[in-house]
Amino acid sequence: MNSKLKHFTRFESKELGEQLIHSALEYKLDPKKDHQKGAGKRIGCIFLNPSLRTRVSTQLAALNLGMEPIVLNMDKEGWALEMRDGAVMNKGTVEHIKDAAAVLGSYFDLLAIRAFPTLTHRDEDINDFAFGQFLKYSGKPIISLESAIRHPLQSLADQITMKEIFAEKRKPKVVLTWAPHIKAIPHAVANSFAEWTLGMGHELTITHPEGYELDQRFTKGATIETNQAKALEEADFVYVKNWSSFNDYGKILSTDPSWMLTEDSLSHAPKAKVMHCLPVRRNVELSDEILDGNRSLVQTQAQNRIFAAQSVISYLLDS
Amino acid sequence: MNSKLKHFTRFESKELGEQLIHSALEYKLDPKKDHQKGAGKRIGCIFLNPSLRTRVSTQLAALNLGMEPIVLNMDKEGWALEMRDGAVMNKGTVEHIKDAAAVLGSYFDLLAIRAFPTLTHRDEDINDFAFGQFLKYSGKPIISLESAIRHPLQSLADQITMKEIFAEKRKPKVVLTWAPHIKAIPHAVANSFAEWTLGMGHELTITHPEGYELDQRFTKGATIETNQAKALEEADFVYVKNWSSFNDYGKILSTDPSWMLTEDSLSHAPKAKVMHCLPVRRNVELSDEILDGNRSLVQTQAQNRIFAAQSVISYLLDS
Amino acid sequence: MNSKLKHFTRFESKELGEQLIHSALEYKLDPKKDHQKGAGKRIGCIFLNPSLRTRVSTQLAALNLGMEPIVLNMDKEGWALEMRDGAVMNKGTVEHIKDAAAVLGSYFDLLAIRAFPTLTHRDEDINDFAFGQFLKYSGKPIISLESAIRHPLQSLADQITMKEIFAEKRKPKVVLTWAPHIKAIPHAVANSFAEWTLGMGHELTITHPEGYELDQRFTKGATIETNQAKALEEADFVYVKNWSSFNDYGKILSTDPSWMLTEDSLSHAPKAKVMHCLPVRRNVELSDEILDGNRSLVQTQAQNRIFAAQSVISYLLDS
């Protein structure tokens, strides 16, 4: 454990990953065991984009630790933030991130922030520009609630779920498969899942149609296989996710329904458990039969979001 | 008392009604008397539609019992839910109720849900479809904060109010009168008021213009009288409410201003107290003179919403 | 101290001002020192308009005093309120302030309310009509979170900030300068700053382009100077703020960029500290160099919002 880690924004090390998973599973057994730890501390949860699971699970995690969470929906309750340094603010933005982040930093002990990508400004997104501005100007520890390129609390919850489920001594075969969707979706969940799965030492195969290659910063070490059927063979975990094109940035290149995951797709993966971060487009990304059957881990993942957040907040309170 | 009652969605029995009224009046005298009862428990208050009284009174009731309430405005903060089983989700809805309800069920000890009718899909509304999907998929006790066809916490507050006010030994004469409005309004408050008033053994007269007959499932046993003046004679309680047509579903058939309740309308009901669930359109449904005079119970009803909710939450915590 | 003061809506007296500043600075040293004072009490924070600092700082102040704050965003979560007595409500408003304020009054121990001006109905605005209706009908102590004509918690925070910074025995020279903006902005912050600064016995110069004279009810006793350069000479504190025209009500008469405050503007005010209530339009109202330099007090002002609110809530709890 790097005792100096101030923020939680990405995968750091296998050692820290294992520590956080271990701590989360302890909290799952006894959510209130550290109920005094955060007493008198406040976490500001700032959403520049919509949220259901992340919003609620983070609040519950904070309450479990005795903290007072305050949620700010800045997409609606607040106002449009100017992110660019040096901007002449004579247009639609009403407050500069420099000023807003510093104020929020002075109001809270911890900040948790969601800032989605634009999907139109590639350079800004790949440098996690908006999220980085919060990091730069708030002066307080920050937890990512999903940035332009990563969703580390989701990925930690995913790793916790795999750890709980997989009791065998061998390494599991993990497959991340692209799925169809009707909207242009960010890369953050897919990137982070790859980063954490590889970082924790698992074998990872990523399968997607041609043109859907992810940013190689996150996928180095994974096997890329454009034949979905082949990729899924003998899989232990199949993580289903849509993302828009990275190379042809933010574009939808395919909605080929044959990529939707069904029982049929898993005919050669009898033991495969299926994962998805939710929300899921039923019968577009995944068939009802999978989501409502025994293979599905989606509810376990969602519940583990609480303990992932609790583990991370607890860790940062110690830092 | 049916010790197995898991949800609070409607009138169940006179016995339970009396128990809840009694408990509410005790909480009104001493709101914090059970302040430890809900310690460590969480209630998720989910609004698919706007709310003022219901939102705040439910939060206060939960806080009085030591619970932690979390409000989710899913009409705005969240996203459009798909309610139909088997749907291919390639349109506007972003998450299926199956998945969302199960996650929320795993996050909270109790759920409280508001889901208004469509007023366009009659079959769905009369079967309380959206609310029923929450009941079906959440796996946790659910309190109705108004569904397509019922508003039981309002009706409980109304019964509490009548109980407080009416000290005579005889039965009170209760009248539910339709009032004009400029929008198509749901039937839930009127249905529930009839269901509870009749269920508690009171005599009920319902008066409305022709074509405004309510669903007979709720009004069986009531006297229907299309002459408002006659219906109001010697009334002890007059409950004023607009609703759209049930037979010509969701339509506005009349805005006849002579149906607005005024002092004049009550010239033959000297003792009549006037009730309304709020929000009220002043000088459209009810005249200022009534709302600002001694007949009005609307503020007492609104305040009793807290204790109605507290009584119900307390009951469900015991179940 | 006027022991009967029930509401906090404006500057009352130098004596009370000094008392509140003193109490705020004590809370700044030890925010939790009165953590039991508000136990079991609830404050309803009602926003008819957007808010960031005010919303969060008021919640934190209440939490510091052990109160339970509940936020209601009535611009979005609730509904349009009818403010006019006697209105026939057959248009867009869904609830009358008479009814809503009375209900909220019965639900909370304290109310805090934000109600911006229309900037189109001058007579209503200058009489603080909407805010006054809350005062008239809620029946509970009310704290202004900014009304049509005043923002007293901001002004108290500003006075706290000047008190902290200025250690000299002489009186400080305080200048309020108009700044350009692209939108029509209310007068409340400027009015209140003048009212409090003059009330606390400071010398105040107000500088603005011709046509931007403020309501004389607030500026009596101040020096008005339309030459900004001259006004700024030897200033100790420069408060920067845009406002729309008061005489040509709600209009933008100038966006002259030479009125933006820069280091150049302050070449003859070497010691000047610069204040702004935030949010600020960078490089329109104020230059980056000022906001990011040593002159800026804007972050201190924002942080002092917490202790201003805490001081006021604490005072009202004693009343």
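Note on numbering: residues in each chain are counted from 1, in written sequence order. Lettering of chains starts at A and numbering of ligands starts at 1, both following the order in which they are written. Totals for whole chains, interfaces and linings use all residues, but because this is a predicted model, local features are given only for residues with pLDDT of at least 70 and pairs of side-chain atoms are given and counted only at 80 or more. Water and hydrogen atoms play no part in the side-chain values, which are based on all heavy atoms of the structure.

Enquirer: Describe in detail the relation of the copies chain B and chain C, supporting the description with residues and values.
Expert: The pair of chain copies shares a relation made of a rotation about an axis and a shift along it. Overlaying chain B with chain C gives an RMSD of 0.0 Å, the required rotation being 120° about an axis along which the chain moves by 0.0 Å. In short, the pair behaves as if placed about a three-fold rotation axis. Here a residue-residue contact requires only that any non-hydrogen atoms of the pair lie within 4.5 Å. The fraction of interface residues of chain B whose copies in chain C are also interface residues is only 7%, indicating that the copies meet through different surfaces. Superposition of the copies was done by least squares, using only C-alpha atoms of residues whose pLDDT is at least 70 in both.

Enquirer: If you had to explain the sheet that holds strand 9 (residues 223–225) of chain C to someone new, which residues and values would you point to?
Expert: Residue and element names in this part refer to chain C. Pairing between two strands requires that DSSP report at least two bridges joining them. Helix and strand labels come from DSSP, where a helix needs a run of H or I of at least four residues and a strand needs a run of E of at least two; each type is numbered from the N terminus. Pairing within the open sheet is parallel, and its five strands lie in the order 9-8-7-10-11. On the outer flanks of this sheet lie strand 9 and strand 11 (273–275), each paired with one strand and no other. The average undirected angle you get between the axes of adjacent strands in this sheet is 25°. All axes are obtained by fitting lines to C-alpha atoms, using only the stretch in contact for helices, and the reported angles, taken between N-to-C directions, cover 0 to 180 degrees.

Enquirer: Can you tell me about the relation of the copies chain A and chain C, naming the residues and giving the values?
Expert: Note on the copies: chain A fits chain C at an RMSD of 0.0 Å, the axial shift is 0.0 Å, and the rotation between them is 120°. A different interface surface on each copy is seen, since only 7% of the contact residues of chain A are contact residues in chain C too.

Enquirer: Lay out the pairing of strand 8 (residues 203–207) of chain A in plain terms, naming residues and giving numbers.
Expert: All names here are of chain A. Within strand 8, four of the five residues are buried, which leaves it mostly tucked inside the rest of the structure. Between strand 7 (residues 173–178) and its parallel partner strand 8, the chain crosses via helix 7 (residues 188–199), and the hand of that crossover is right-handed. Pairing of strand 8 with strand 9 (residues 223–224) involves two bridges; the strand directions are parallel. Bridge pairing in strand 9 places I206 opposite I224. Only protein chains enter the accessibility calculation, which uses a 1.4 Å probe. A residue is then buried if its area is under 20% of the maximum for its type, exposed if over 50%, and partly exposed in between. Handedness of a crossover is defined as follows: orient the strands so they point away from the viewer, and if the path from the first strand over the helix to the second runs clockwise, the crossover is right-handed.

Enquirer: Summarise the domain arrangement of chain A; cite the residues concerned and give the values.
Expert: Residues and elements named next belong to chain A. Residue ranges labeled as domains rest on an automatic or database domain assignment. Partitioning chain A into structural domains gives domain 1 (14–150 + 305–318) and domain 2 (154–302). Relative placement of domain 1 and domain 2: their C-alpha centres are 25 Å apart. For the domain 1 and domain 2 pair, buried surface summed over both sides reaches about 2,300 Å², with 65% attributable to carbon and sulfur atoms. We note a salt bridge from E164 to K28, for which the minimum N-O separation is 2.7 Å. A 3.5 Å cut-off defines polar contacts: any pair of N or O atoms within that distance qualifies, except that in protein one atom must be a possible hydrogen donor and the other a possible acceptor, and neighbouring residues in sequence count only when both atoms are side-chain atoms. Across the domain 1-domain 2 interface, the total number found is eight residue pairs in polar contact (both at pLDDT 80 or more). Those elements giving two or more residues to the side of domain 1 that touches domain 2 turn out to be helix 1 (14–29), helix 4 (122–126) and helix 11 (298–318). For the side of domain 1 that touches domain 2, the element with the highest residue contribution is helix 1, accounting for eight residues. The classification used treats Ala, Val, Leu, Ile, Met, Phe, Trp, Tyr, Cys and Pro as nonpolar, Asp, Glu, Lys and Arg as charged, and all other residues, Gly among them, as polar. Here the side of domain 1 that touches domain 2 is composed, by residue class, of 12 nonpolar, four polar and nine charged. A quick way to say it: buried area is the sum, across both parts, of accessible area lost when two parts are put together, with a 1.4 Å probe. A carboxyl oxygen of Asp or Glu within 4 Å of a side-chain nitrogen of Lys or Arg is what we treat as a salt bridge.

Enquirer: Requested: an account of the packing of helix 3 (residues 97–107) of chain A against helix 5 (residues 129–138) of chain A, with residues and values cited.
Expert: Residues and elements named next belong to chain A. Direction vectors running N to C along helix 3 and helix 5 enclose 55°, while the axes themselves pass 8 Å from each other. Considering their axes alone, helix 3 and helix 5 lie oblique with respect to each other. Along this stretch, helix 3 crosses helix 5, giving a crossing that reads as right-handed. Contact with helix 3, carried on its side by I97, K98, A101, A102 and G105, involves Q133, F134, Y137 and S138 of helix 5 and no other residues of that element. Looking at the contact of helix 3 with helix 5 residue by residue, the classes come out as five nonpolar, three polar and one charged. Just so you know how the angles are binned, under 35 degrees is roughly parallel, over 145 roughly antiparallel, 65 to 115 roughly perpendicular, and the rest oblique. Crossings are sorted by hand: turned counterclockwise from the far helix by less than a right angle, the near helix makes the crossing left-handed, and turned clockwise it makes it right-handed.

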